[in-house]
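Close look at the chain arrangement
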Amino acid sequence: MIKKMFLALFALGIFTTSCSNDDDNAPANANLTIDLNGLEALGSDYVYEGWIIVNGVPVSTGTFSSVAFPQVFSVEADQLSSATRFVLSIEPSNDPNPAPADTKLLVGDFVGNSASVNTDIVGDFSSAAGAFFLRTPTDETGTNNGNDENGVWFGTPGMPPTPNFVLPTLPAGWAYEGWVVGDNGPITTGTFNAFNTADVFDDFSETSQAGPPVPGEDFFLNAPAGETFPLDVRGRTVVISVEPIPDDSPAPFAIKPLVGTAGQDTAPATYNFGQNLTSLPWGEVNR
C-alpha cells in the first residue's frame, strides 16, 4: 500500500511539473490600448479588426464592434514590441480569410510606444473640393420641364455637364457615395469611383432619358419610407462620403470629406462643397 501511494504521488508530481513547464514556456502577453475618435458602428455583418505589422507581416490584435474607447487588447509581447505599424481594417463578422481585407481604414507608425493613426491609407482629403447643381435631366423629352429643383448632379452644368471634383482616387475596397438629407434622413444618390461617368444607381430617377455623364440623381420614383417624392432639394444638405465595399449599412460612413447646402436657384447655378475634414476618424494606439 505504501509503495502504491508513493508511485501515485510521484506521478502527480511529474504531471504538475509538466503543466508548470508548459505555462512557463507560453509566450508572455502585453496590453495594446486603442483610443480612437470618429468611428461609427458598422452593420451586423462586419467588425473592426486591429493589426500590428511585424517584420512586414500583419498580426491580428483582435476584432471589436463597440465604438466606445479606449479599448485594451492582449497581444503577444515579443510581437508587440517588434511591431512597426498599426492598421485598422473592416472585416466580415464571419471571416474565413486570415489576411486583412482591402477596407483598411486607419494607419500609423509606432514612434516609441505610440502610434498616431489617421485615414491617409484611404486618401489625402486635405485639398478636397467639388461642386453640384440642381437639374432633372431624366424626365425631359427635349425641353426642360421646369422641375429642376427635384434633382442633384455633381459637377458643372453644361451640354454635357463636366466633372468638378478635387478628390483622391480611392484604393480597392472603397467608393464615393452622394447623399441628400431628406425629411427622414440621408437619401443616397449612388456610389461612384469615376467623376466623368454616371454612377450605377438610378432607382429614384425617371426613365425618359439617361442621366448625364456625371454622378447624381433625380428624385421622382420609389421614395424611401418617411420621404415624399418628388423631393425638393433646395435648401437641403448635400454630402459626399467614402464608403467601404461591401457596405451593409444604409447610412453614410464616418468619412464625409465634402458637405454643402443647395441654394434656391437651379442650373446653371452651381454650388460649392465645403471641406468637412473634422469628420475623418483618427486616434492613438499605445503599447
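Residues numbered from 1 in each chain as written. Predicted model: local features only at pLDDT ≥ 70, side-chain atom pairs only at ≥ 80, totals over all residues. Heavy atoms only, no water.

We now examine the sheet that holds strand β6 (residues 104–111). Taken together, the eight strands give an open sheet; going across it, the order is β3-β2-β5-β6-β7-β18-β1-β4, and neighbouring strands pair in antiparallel fashion. Unpaired on one side and paired on the other, β3 (57–64) and β4 (71–76) mark the two borders of the sheet. In this sheet, adjacent strand axes meet at a mean angle of 25° when their direction is disregarded. Where strand β2 (residues 46–54) meets β3, seven bridges bridge the pair, whose relative direction is antiparallel. The partner of I52 across the bridge, within β3, is V59. (Pairing = 2+ DSSP bridges. Helix = DSSP H or I, 4+ residues; strand = E, 2+ residues; numbered from the N terminus. Axes fitted to C-alpha atoms, helices over the stretch in contact; angles between N-to-C directions.)

Per-chain confidence: the chain averages 91 in pLDDT, with 91% of residues scoring 70 or above. A low-confidence stretch, residues 1–22 (pLDDT under 50), is modelled with zero contacts involving residues beyond four sequence positions or located in other chains. (pLDDT = per-residue confidence, 0-100. Contact = heavy atoms within 4.5 Å.)

Attention now goes to the nonpolar core. Formed by 56 residues in total, the largest nonpolar core has its most connected members in L105 and F125. By residue number, the principal contributor to this core is β2, which donates four residues. When residues no more than four places from it in sequence are discounted, the contact partners of L105 are L39, Y48, L88, S89, N118, T119, I121, V122, W174, F253 and I255. (Core = buried A, V, L, I, M, F, W, Y, C linked by side-chain atoms within 4.5 Å. Buried < 20%, exposed > 50% of the residue type's maximum accessible area, 1.4 Å probe, protein only.)

Position of P58 relative to the elements: it lies in strand β3. Here P58 falls in the partly exposed class, since its relative accessible area comes to 35%. Sequence-wise, P58 and T197 are 139 residues apart; in three dimensions their C-alpha atoms are separated by 37 Å.

Sheet faces and side chains relate simply in a regular strand, where the side chains alternate between the two faces. Of all six residues in strand β8 (residues 129–134), five are buried, a share of seventy percent or more. Of the strand pairs in this sheet, β8 and strand β10 (residues 165–166) are connected by two bridges, and their pairing is antiparallel. Note that in β10 the partner of A129 across the bridge is V166. Two elements, β8 and strand β16 (residues 271–272), share two bridges in a ladder whose sense is antiparallel. Bridge pairing in β16 places F132 opposite Y271. In terms of strand pairing, β8 meets strand β9 (residues 151–154) through three bridges, oriented antiparallel. Paired with F133 across the two strands is W153, which belongs to β9.

Cis geometry is found at the peptide bond from M159 to P160, where omega equals 5°. Its place among the elements puts P160 in the loop between β9 and β10. The phi dihedral of N55 falls on the positive side, at around 55°, and the residue is not glycine. Here N55 is to be found in the loop between β2 and β3. Despite not being glycine, N222 has its phi angle at roughly 60°, a positive value. Within the element layout of this structure, N222 appears in the loop between β13 (216–218) and β14 (237–244). The exposure class assigned to N222 is exposed, which follows from its relative accessible area of 56%.

Turning next to the sheet that holds strand β17 (residues 274–275). Taken together, the five strands give an open sheet; going across it, the order is β12-β11-β14-β15-β17, and neighbouring strands pair in antiparallel fashion. The open sheet terminates on both sides in strands that have one partner only, identified here as β12 (185–192) and β17. Pairing of strand β11 (residues 174–182) with β14, which is carried by seven bridges, proceeds in the antiparallel orientation. Bridging across to β14, W174 finds its partner in P244.

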